[in-house]
Amino acid sequence: IAIRCRLAAVVRHHTLRQARTRHNLCSYATASQSLDVHRQNIFLCRNFSQSLDQSDTSPYKTGGAESYKLALEALQNAANAKQSLEEQLLREQYEAMERQRQKTSQRKNSNQLKDKDPRLQRLNAIDAADDGERNIKDRAAGVAVVRTIVKQTRQSSRPNNVKVEKWDSKTVRDDDAHDSNNTQSVGKKLDEDYYQKEALQFLEEAALRYGHALALVRLGNEALELAKKSSVSADESLINTDRCTDWIDESPINLSQILAQSSKTIDNEKDGDESISPYISLAHLLYEEAGKAGSAEAWYNLGHLLWDRSGDDEATIMKAMEAFNKAVDLGDSDAMYFVGAQYLSQQEDDEAGYQLLVRAAHEYNHGPALHHLALLSLQGEDKDEFCGLLTTAAEAGNPDSLFLQGYCFYHGEDGYEVDMKAALDNFLAAAENFEHVEAMVSAGAILHQGVISPQGSVIIERDQRRAFELYQQAGELGSTEGWRNVVACYAMGEGVKKDIDMAKHIAKTMLKDTDR
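What comes next is a walk through the structure.

About the criteria used
In this convention, every chain numbers its residues from 1, walking through the sequence in written order. Selection of residues for local features in this predicted model requires a pLDDT of at least 70, selection of side-chain atom pairs for listing and counting requires 80 or more, and totals for whole chains, interfaces and linings are taken over all residues. Computation of side-chain values: all heavy atoms of the structure, hydrogens and water removed. Think of it this way: any DSSP run of H or I at least four residues long counts as a helix, any run of E at least two long counts as a strand, and we number them from the N terminus. By this rule the span expected of a helix is its residue count minus one, scaled by 1.5 Å. Buried means the residue's accessible area, taken with a 1.4 Å probe over protein chains only, is under 20% of the maximum for its type, while exposed means over 50%, and partly exposed covers the values in between. Pairs of N or O atoms within 3.5 Å make up the polar contacts considered here, provided that, within protein, one atom can donate a hydrogen while the other can accept it, and that residues adjacent in sequence are counted only when both atoms are side-chain atoms. The axes used here are C-alpha line fits, helices contributing only the stretch in contact, and every angle between their N-to-C directions lies in the interval 0 to 180 degrees. Here the word oblique covers every angle except those under 35 degrees (roughly parallel), over 145 (roughly antiparallel) and from 65 to 115 (roughly perpendicular). Handedness of each helix crossing follows the sense of rotation of the near helix against the far helix: counterclockwise by less than a right angle gives left-handed, clockwise gives right-handed. Contact criterion: two residues are considered in contact whenever any of their non-hydrogen atoms come within 4.5 Å of each other. Charged means Asp, Glu, Lys or Arg here, nonpolar means Ala, Val, Leu, Ile, Met, Phe, Trp, Tyr, Cys or Pro, and polar covers whatever is left, Gly included. Aromatic contacts are taken between Phe, Tyr and Trp rings whose centres are within 6.5 Å, Trp giving its six-membered ring; a plane angle under 30 degrees counts as stacked, one over 60 as edge-to-face, and the others as tilted. By definition, a salt bridge exists where a carboxyl oxygen of Asp or Glu is found within 4 Å of a side-chain nitrogen of Lys or Arg.

1. Examining helix α4 (residues 192-209)
Taking 1.5 Å as the rise per residue, α4 with 18 residues should run 26 Å; its terminal C-alpha atoms sit 25 Å apart, in good agreement. For α4, the set of buried residues is Tyr194, Tyr195, Glu198, Ala199, Phe202, Leu203, Glu204, Glu205, Ala206, Ala207 and Leu208. The backbone nitrogen of Asp193 has a side-chain oxygen 2.9 Å away, supplied by the residue at the start of α4, namely Asp191. Gly211, located one to two residues past α4, shows a positive phi value of around 70°.

Here's what the structure looks like:
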């Protein structure tokens, strides 16, 4: 079954100098999570905490935990290095775009002079042909940097609008000493790839030498990332088999089998079915070993791994559900929600499915499960229960619940009274904390227009600058409505300096394949 919210969408738009704007709330015509199948992308699997798993039952807990901690530190260093480089590149792209715009302006001025001079008529025909080629190149460049433009526009209203963190030797651990005279070595330590390789070595040791459950899971996730690549060189191999061979006798896991599978990844051998990447099979083994060590995350990820490749194969589906149920037995609320939703969607055991949702919702305060139960209540016309469950889900921080509750507050529907301030608070919470794009556009619409009571008093102050920023963020995250409103803001000079050329450029590059 697929339960749909009965929330009408009122879409208004007006034309502004060839740029359409829709400063209105996004529709909530359907439940944002389908109720028949709810599952995460297998290649994302699970967001892991940076803290150590205190329930680790590995006989080598001390050594594994220490190696895992060092791996997490290296991963954080890699993320910091990547962010620093990206910020620098964004600044360079923005500056390049500004130079491009200046050249375009100079070219236009030059063409105007040529139009007035009959002696230069012949050159105009040549320039027209050149302009056609330039337009193709300009659009290719524009698509690449238009997101940078709006980011820099948003940041320009703040002091020190571009900050690039400087790295020094303090970012390197004391026990990772290096020769202070070797500046090339220092530079290497500031590179993202260096930290990624360092993290992989520590993960490898924690997982394969000591059998650390979370390290095994993360190594499995890395295997899935490599499975997405069309080809992987020997230098990119996930596991250093020569190094790990020395740990076979002391490792608490079946390391021989894992290393044998790792060798297949180097030779790019397929396992049985030619469509199965050897890295998929490696991830399977790593998750299985982590599950045996008591990791609910491992069984959950293994369940998804099997589920996503099961197709109509009943045997694989059964194995997937067995893995999910093992995660349920270990108290994994995500697995409870998944299995419960599957039981309901397949109508195999509605009561068992419902009870799993109830357990995840009320014992673990699981936001998506609470949201699901709220939608079931709405389908059953129980608005009081719907309001109670949706409020609890929103308080648990479920972004879809925050958005839906904000929508109900705005329209005064399904048991909620109209409350514009509460609606805006909900939209902003979903937008700022969870990057919910529909919430960004909806919050922007409220702030763009402001809210006035029937008596004429101001309920919400108009803040077109903040609205513009929210539209930008939504656009950067893929929202067409966000880009449309960014175009309109540039065209009208609302929340940003008026710039018709920029409005046309963004419309051309970001709304090319849509009904502008």
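2. Overview of the packing of helix α10 (residues 314-329) against helix α11 (residues 333-346)
Two elements in contact, α10 and α11, have axes separated by 8 Å at closest approach and are oriented at 130°. Classified by the interaxial angle, the pair formed by α10 and α11 is oblique. Considering the relative orientation of α10 and α11, their crossing is left-handed. For the pair α10 and α11, contact is made by Met321, Phe324, Asn325, Ala327 and Val328 and by Ala335, Met336, Phe338, Val339 and Tyr343, respectively. A per-class count over the contact of α10 with α11 returns nine nonpolar, one polar and no charged.

3. Considerations on the packing of aromatic side chains
Aromatic ring pairs are reported here in terms of the distance separating the ring centres and the angle at which the planes meet. Taken as a whole and judged by the stated rule, the model has seven aromatic pairs. Ring centres of Tyr300 and Phe324 lie 6.0 Å apart, and the angle between their planes is 75°; this geometry places the pair in the edge-to-face category. With Tyr300 in helix α9 (residues 296-308) and Phe324 in helix α10, this residue pair connects regions lying 24 residues apart in the sequence. Neither Tyr300 nor Phe324 differs from the other in exposure class; each is buried. The interplanar angle of 45° and the centroid separation of 5.6 Å between the aromatic rings of Phe403 and Phe427 together place this pair among those described as tilted. Of the two residues, Phe403 sits in helix α15 (residues 399-411) while Phe427 sits in helix α16 (residues 420-434), which places them 24 residues apart along the sequence. Exposure remark for Phe403: the relative accessible area of 1% places this residue in the buried category. Residue classification places Phe427 among the buried residues on the basis of a relative accessible area of 0%. In this structure an aromatic cluster arises from ring pairing among Tyr300, Trp307, Phe324 and Phe338.

4. Side note on the environment of His505
Note on placement: His505 falls in helix α20 (residues 500-510). For the pair formed by His505 and Val487, sequence separation is 18 residues and the distance between their alpha carbons is 8.8 Å.

5. Quick word on the pattern of salt bridges
In the structure shown here, the tally under the stated rule is nine salt bridges. Between Arg209 and Glu205 there is a salt bridge whose closest N-O contact spans 3.1 Å. A residue pair is termed a helical-turn pair when its members lie 3 or 4 positions apart in one helix, as Arg209 and Glu205 do in helix α4 at four residues. Accessibility expressed as a relative area gives 22% for Arg209, which makes it partly exposed. Residue classification places Glu205 among the buried residues on the basis of a relative accessible area of 14%. A salt bridge links Arg466 to Glu469, with the nearest nitrogen and oxygen atoms 3.5 Å apart. With Arg466 and Glu469 both in helix α18 (residues 464-476) and three residues apart, this pair spans about one turn of that helix. Glu469 sits in the buried class, given a relative accessible area of 8%. Each of Glu432, Arg465, Arg466 and Glu469 takes part in a single network of salt bridges with overlapping partners.

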